[in-house]
Protein chains: 2
Amino acid sequence: MESRCENCIVRQFNSLRAMTKDELKKVSDAKVYKKIKKGDPLFEEGQKLDGVFCVRDGVSKLSKLSTNGKDQVVKLATKGSVIGQRSVIAEEHTNLSAVAVNDMEVCFVPKENILSTLQRNPDFAVEVLRHMAHDLKEADDVIVNMSQKTVKQRVAEAFLYLKQNFGEDKNGFLRLTLSREDIANVVGTATESCIRIISEFKKKGFIDTSGKKIKIADERGLKDLAQGF
Amino acid sequence: MESRCENCIVRQFNSLRAMTKDELKKVSDAKVYKKIKKGDPLFEEGQKLDGVFCVRDGVSKLSKLSTNGKDQVVKLATKGSVIGQRSVIAEEHTNLSAVAVNDMEVCFVPKENILSTLQRNPDFAVEVLRHMAHDLKEADDVIVNMSQKTVKQRVAEAFLYLKQNFGEDKNGFLRLTLSREDIANVVGTATESCIRIISEFKKKGFIDTSGKKIKIADERGLKDLAQGF
DNA sequence: AAAAGAATATGATAATTGTCATGTTTTGCG
DNA sequence: CGCAAAACATGACAATTATCATATTCTTTT
């Protein structure tokens, strides 16, 4: 199950693909493979990271606790994502905590590998920049959605996002199953409000549910709703 | 008024300080100095940028229009900021528009200068990365504030932010004067709600106003309020 | 200086969303 | 299996915020 980075498919999806054979070898020698159980943290807000996590399988939520005790999920990181890059590069403490949403397999890569490669390989640096630029754009979009859209619209968007980014299983259910509370924390609302809206969507035929599982039944309808029609 | 980048103080505040003498010379030869009047755009959302803007003076709001016609200010860029980096690096269309909040002086730097320096000078690349990492962290914080704080708390934070980042004049008024509408668009609320809260803050002695100008009268009080006490 | 047009201000009201209470269902576990 | 705990669900109500209407003040233009 553990293997060499050089052969890792997951690498194709992230900035590590811009590393040279040599650099990859070093990473591979230094990396530590870890399994993380659903609900366990990769790291906590405010911690100092001495490396990044490359996600091989499973999903992690990156969230921040607010003074009132709720946490806002800022991002969901899946297979191929590199977690902790920002803090390592800025050489700051993390501003988010990372918790496994389901069982995960990750590789921990010491920051020295990342930082020295950044200094030596411009292609890698530019690749990391591109990823960060993309993340920044997404963050901007989230800000706009948070301030301009209603909770209902945001819930609709969340489902569309989940379909787009994690896909559906053979029966049409969203592959990534989140608790109602997690959905609420993604959307930025109270759990009860979220549940209420899910019930409403079900009643109106936008979605179907089976336990925690959710199936998008009327994508067009959800899209219109998310746009405000 | 126009001058060489090598001697520009503003450069000290942004990633251009990591450029070599030589690279700076090239930038200096290629750059175009521009004055932009209050209210005029530097660029519009969706445009393709062929360079970045280095702010020498004045302030620009970076905002995004939503379907309902309001625009959300995502960032205020002041002296020393480089605007448009994200789009140039990702080689994408801009996701935000930039409008001058007051009269501005900027230098337009063609993207070729930026991109080639990124490839050749790892120090520069890492410096840009650091800045982007910082922006990303700030964006995450904004997301959390948007979803977890009340409008009142966000208005309080906005004033504290303005003091921190733009300072006060000799009479204690915030140096950056924004219209009520702009403040509302920073905070993500309706203009009327924003005005109402400003009135309330005035009544409660948190702030003083004189026309559009705002003076923080009780910083402790505002801070407590922003934290939820 | 007067008129026109913004921007600011405030009231009244409606819509959205959060909170608390209380069931019901599902899940995990000895 | 059966029980406890957690997650889900829904009602009732309160708080927050948006919207619409309408003044009032400030700015700009002529």
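The text that follows walks through the structure, step by step, so that each part is easy to find.

What counts, and where the lines are drawn
- Residues numbered from 1 in each chain as written.
- Chains lettered and ligands numbered in written order.
- Predicted model: local features only at pLDDT ≥ 70, side-chain atom pairs only at ≥ 80, totals over all residues.
- Heavy atoms only, no water.
- Helix = DSSP H or I, 4+ residues; strand = E, 2+ residues; numbered from the N terminus.
- Rg over C-alpha atoms; globule rule 2.2 N^0.38 Å.
- Contact = heavy atoms within 4.5 Å.
- Areas by Shrake-Rupley, 256 points an atom, 1.4 Å probe, with all protein chains shown as cover.
- Lys, Arg positive; Asp, Glu negative; His and termini not counted.
- Charge placed at Lys NZ, Arg CZ, Asp CG, Glu CD.
- Core = buried A, V, L, I, M, F, W, Y, C linked by side-chain atoms within 4.5 Å.
- Buried < 20%, exposed > 50% of the residue type's maximum accessible area, 1.4 Å probe, protein only.
- Pairing = 2+ DSSP bridges.
- Axes fitted to C-alpha atoms, helices over the stretch in contact; angles between N-to-C directions.
- Buried area = accessible area lost by both parts, 1.4 Å probe.
- Salt bridge = Lys/Arg side-chain N within 4 Å of Asp/Glu carboxyl O.
- Polar contact = N/O pair within 3.5 Å; in protein donor to acceptor, adjacent residues only side chain to side chain.
- Nonpolar A, V, L, I, M, F, W, Y, C, P; charged D, E, K, R; others polar.
- Near = heavy atom within 4 Å.
- Least-squares fit on C-alpha atoms with pLDDT ≥ 70 in both.
- Arc of directions from axis to C-beta.

Things to note about the overall build of chain A
Move 1: Secondary structure assignment for chain A yields eight helices and 10 strands.
Move 2: Taken over C-alpha atoms, the radius of gyration comes to 19 Å for chain A, in line with the 17 Å a tight globule of 229 residues would show.
Move 3: In terms of overall dimensions, chain A has C-alpha extents of about 55 × 40 × 30 Å along its principal axes.
Move 4: The contacts in chain A between residues at least 6 apart in sequence include a share of 70% that link residues at least 24 apart.
Move 5: Accessible area for chain A stands at about 10700 Å²; split by element, carbon and sulfur atoms hold 48% of it.
Move 6: Across chain A, the 39 positively charged side chains and the 33 negatively charged ones have centroids separated by 3 Å.

Notes on the nonpolar core
Move 1: The biggest cluster of nonpolar side chains holds 82 residues, and the ones touching the most others in it are A:Leu42, A:Ile83, A:Leu118, B:Leu42, B:Ile83 and B:Leu118.
Move 2: Every residue in contact with B:Ile83, bar those within four places of it in the chain, is listed here: B:Leu42, B:Phe43, B:Val52, B:Phe53, B:Val55, B:Ser60, B:Leu62, B:Ala77 and B:Ala98.

Considering the sheet that holds strand S3 (residues 51-57) of chain B
Residues and elements named next belong to chain B.
Move 1: Taking strand neighbours across the sheet as the criterion, the four strands line up as S1-S8-S3-S6 in an open arrangement whose pairing is antiparallel. Bordering the open sheet on either side are strand S1 (32-36) and strand S6 (82-83), each of which pairs with just one other strand.
Move 2: Bridge count for S3 against S6 is two bridges, and the pairing is antiparallel. The residue of S6 that forms the bridge with Cys-54 is Val-82.
Move 3: Of the strands in this sheet, S3 and strand S8 (104-110) are in contact with helix H3 (residues 111-120), which crosses S8 at around 60°.

Here's the deal with the sheet that holds strand S6 (residues 82-83) of chain A
Residue and element names in this part refer to chain A.
Move 1: Strand order across the open sheet formed by four strands is S1-S8-S3-S6, with antiparallel pairing between neighbours. In this open sheet, the two strands that pair with only one neighbour each are strand S1 (32-36) and S6.
Move 2: Here helix H3 (residues 111-120) sits on the sheet in contact with strand S3 (51-57) and strand S8 (104-110), set at roughly 60° to S8.

A few points about the interface of chain B and chain A
For an interface, size is often stated in terms of accessible area lost upon the parts coming together.
Move 1: Contact residues are listed per partner, giving 41 residues for chain B and 41 residues for chain A.
Move 2: Carbon and sulfur atoms make up 64% of the surface buried where chain B meets chain A, a total of about 3900 Å² over both sides.
Move 3: The three residues of chain B that bury the most area against chain A are B:Leu129, B:Ile143 and B:Gln148, which together make up 17% of that side's buried surface.
Move 4: Our count for the contact surface shared by chain B and chain A stands at six salt bridges.
Move 5: B:Asp141 is the partner of A:Lys64 in a salt bridge, and the nearest nitrogen-oxygen pair spans 2.6 Å.
Move 6: Across the chain B-chain A interface, the total number found is 11 residue pairs in polar contact (both at pLDDT 80 or more).
Move 7: Broken down by secondary-structure element, the contributors of at least two residues to the side of chain B that touches chain A are strand S5 (71-77), helix H2 (85-90), H3 and helix H4 (122-148) of chain B.
Move 8: Looking at the side of chain B that touches chain A, the element that brings in the most residues is H4(B), giving 22 residues.
Move 9: Each residue belonging to the side of chain B that touches chain A can be placed in one class, and the counts come to 18 nonpolar, 11 polar and 12 charged.

So, the protein's contact with DNA strand D
Move 1: Around DNA strand D there are 16 residues in total, and A:Arg180, A:Ser199, B:Val151, B:Thr189 and B:Ser193 lie nearest to it.
Move 2: Looking at DNA strand D alone, sugar and phosphate atoms form 59% of those within 4 Å of the protein.
Move 3: Note that a phosphate oxygen of DNA strand D is positioned 2.8 Å from one of the side-chain N or O atoms of A:Arg180.
Move 4: Residue A:Lys212 places a side-chain N or O atom 2.9 Å away from a sugar or linking oxygen belonging to DNA strand D.
Move 5: If you list the elements that add at least two residues to the surface near DNA strand D, you get helix H6 (180-187) and helix H7 (191-203) of chain A together with helix H7 (191-203) of chain B.
Move 6: Top element by residues in the surface near DNA strand D is H7(A). It accounts for four residues.
Move 7: Of the residues in the surface near DNA strand D, the class split is three nonpolar, five polar and eight charged.

Here's the deal with the relation of the copies chain B and chain A
Move 1: Overlay of chain B on chain A (RMSD 0.0 Å): rotation 180°, translation along the axis 0.0 Å. As the rotation angle and translation indicate, the two copies are arranged about a two-fold axis.
Move 2: By residue overlap, the copies meet face to face through one surface: 100% of the interface positions of chain B are interface positions in chain A.

Looking at the environment of A:Cys8
Move 1: In this fold, A:Cys8 is placed in the segment before helix H1 (21-30).
Move 2: A residue is classified by how much of its surface remains accessible, and A:Cys8, at 14% relative accessible area, is buried.

Let's talk about helix H1 (residues 21-30) of chain B
One turn of an α-helix holds 3.6 residues; hence residues three or four places apart share an orientation.
Residues and elements named next belong to chain B.
Move 1: Regarding H1, the residues found buried are Glu-23, Leu-24, Val-27 and Ser-28. An end-on view of H1 places all buried positions within 140° of arc, on one side of the element. What points out from H1, more than 90 degrees from its buried face, is the exposed set Lys-21, Asp-22, Lys-26 and Asp-29.
Move 2: Here the buried face of H1 lies against S8 and H3.

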